[in-house]
Amino acid sequence: MSIDSVSQLSHIVALIRSQVATGVRNQKRSELNTSKQSRAGKQEAGSTLEKKLVTRLGALLPDDPHRRRKAFMAFIEAVLLSELGDQLMNDAGFYQLAEVVGERMLAEPSLAEPIANAIDQMLMASN
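Everything in this summary refers to the structure shown in the same document. (Residues numbered from 1 in each chain as written. Predicted model: local features only at pLDDT ≥ 70, side-chain atom pairs only at ≥ 80, totals over all residues. Heavy atoms only, no water.)

### Here we look at the overall build of the chain
Part 1 of the reasoning: Scanning the chain from N- to C-terminus turns up 6 helices and 0 strands.
Part 2 of the reasoning: Helices (α) and strands (β) of the chain occur, in sequence order from the N terminus, as α-α-α-α-α-α.
Part 3 of the reasoning: Taking all 127 residues of the chain together, the buried fraction comes to 35%.
Part 4 of the reasoning: Within the chain, contacts between residues at least 6 apart in sequence are counted, and of these 75% link residues at least 24 apart. (Helix = DSSP H or I, 4+ residues; strand = E, 2+ residues; numbered from the N terminus. Buried < 20%, exposed > 50% of the residue type's maximum accessible area, 1.4 Å probe, protein only. Contact = heavy atoms within 4.5 Å.)

So, in structure tokens, the structure goes:
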């Protein structure tokens, strides 16, 4: 998957950011405001996000009936970790947060097509 493929999903990432901001606004606001990345830092973060996602997608079995949903949830988790920090991976509530964000996005009719396209791109890139 190229960085361009990930950047094309920016509107989905923006929605994730807004969902996350609602739940962790007070806790993370100062960290997010003080840790602005340079352009090179953002490219590096995109590369890290891409690597994490490709690794997770590569672990999905091609005949898994829930493969598409799992791919989408892997994307959600990778974006959340990229935005909020890898330390959340060890937080018991992180995966619940990711599940809530993913379910809300999947329930939004206007996102059905962009999500389907994103999943297709991710799965094609992981093959």
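Having put the structure on the table, let's press on.
### Remarks on helix α4 (residues 67–84)
Part 1 of the reasoning: The first and last C-alpha atoms of α4 sit 25 Å apart over 18 residues, in line with the 26 Å expected at 1.5 Å per residue.
Part 2 of the reasoning: Judged by how many residues are buried, α4 sits mostly within the fold: 13 of 18 residues are covered.
Part 3 of the reasoning: Looking one or two places after α4, you find Gly85, whose phi comes out positive at around 110°. (Expected span 1.5 Å × (residues − 1).)

### Overview of helix α5 (residues 94–107)
Part 1 of the reasoning: The terminal C-alpha atoms of α5, which comprises 14 residues, lie 20 Å apart, in line with the 20 Å expected from a rise of 1.5 Å per residue.
Part 2 of the reasoning: By the burial criterion, the buried members of α5 are Phe94, Ala98, Val101, Gly102 and Met105. All buried residues of α5 project into a common sector of 95° when viewed along the axis, lining one side. Opposite the packed face of α5, turned more than 90 degrees from it, sit the exposed residues Gln96, Arg104 and Ala107. (Arc of directions from axis to C-beta.)

### Quick word on the packing of α4 against helix α6 (residues 112–126)
Part 1 of the reasoning: Remark: α4 packs on α6, axes separated minimally by 10 Å, with the N-to-C direction vectors making an angle of 95°. Judged by the angle between their axes, α4 and α6 are roughly perpendicular. On α6, the residues that touch Arg67, Arg68, Ala71, Phe72 and Phe75 of α4 are Ile115, Ala116, Ile119, Asp120, Met122, Leu123 and Ser126. (Axes fitted to C-alpha atoms, helices over the stretch in contact; angles between N-to-C directions. Parallel < 35°, antiparallel > 145°, perpendicular 65-115°, else oblique.)

### Structural notes on the pattern of salt bridges
Part 1 of the reasoning: This structure, assessed with the given rule, holds 5 salt bridges.
Part 2 of the reasoning: Ionic pairing is found between Arg56 and Glu77, a salt bridge with its closest N-O pair at 2.6 Å. Placement of Arg56 in helix α3 (residues 39–58) and of Glu77 in helix α4 is noted, with a sequence separation of 21 residues between them.
Part 3 of the reasoning: The salt bridge partner of Arg69 is Glu103, with a shortest N-O separation of 2.1 Å. With Arg69 in helix α4 and Glu103 in helix α5, this pair connects stretches of sequence that are 34 residues apart.
Part 4 of the reasoning: One continuous salt-bridge network, built from bridges that share partners, spans Arg69, Glu99 and Glu103. (Salt bridge = Lys/Arg side-chain N within 4 Å of Asp/Glu carboxyl O.)

### Structural notes on the packing of aromatic side chains
Part 1 of the reasoning: Taken as a whole, this structure holds 1 aromatic pair when the rule is applied.
Part 2 of the reasoning: An angle of 80° between the planes, with centres 4.9 Å apart, marks the rings of Phe94 and Tyr95 as edge-to-face.
Part 3 of the reasoning: Overall, Tyr95 belongs to the partly exposed group, its relative accessible area being 38%. (Phe/Tyr/Trp six-rings, centres within 6.5 Å; stacked < 30°, edge-to-face > 60°.)

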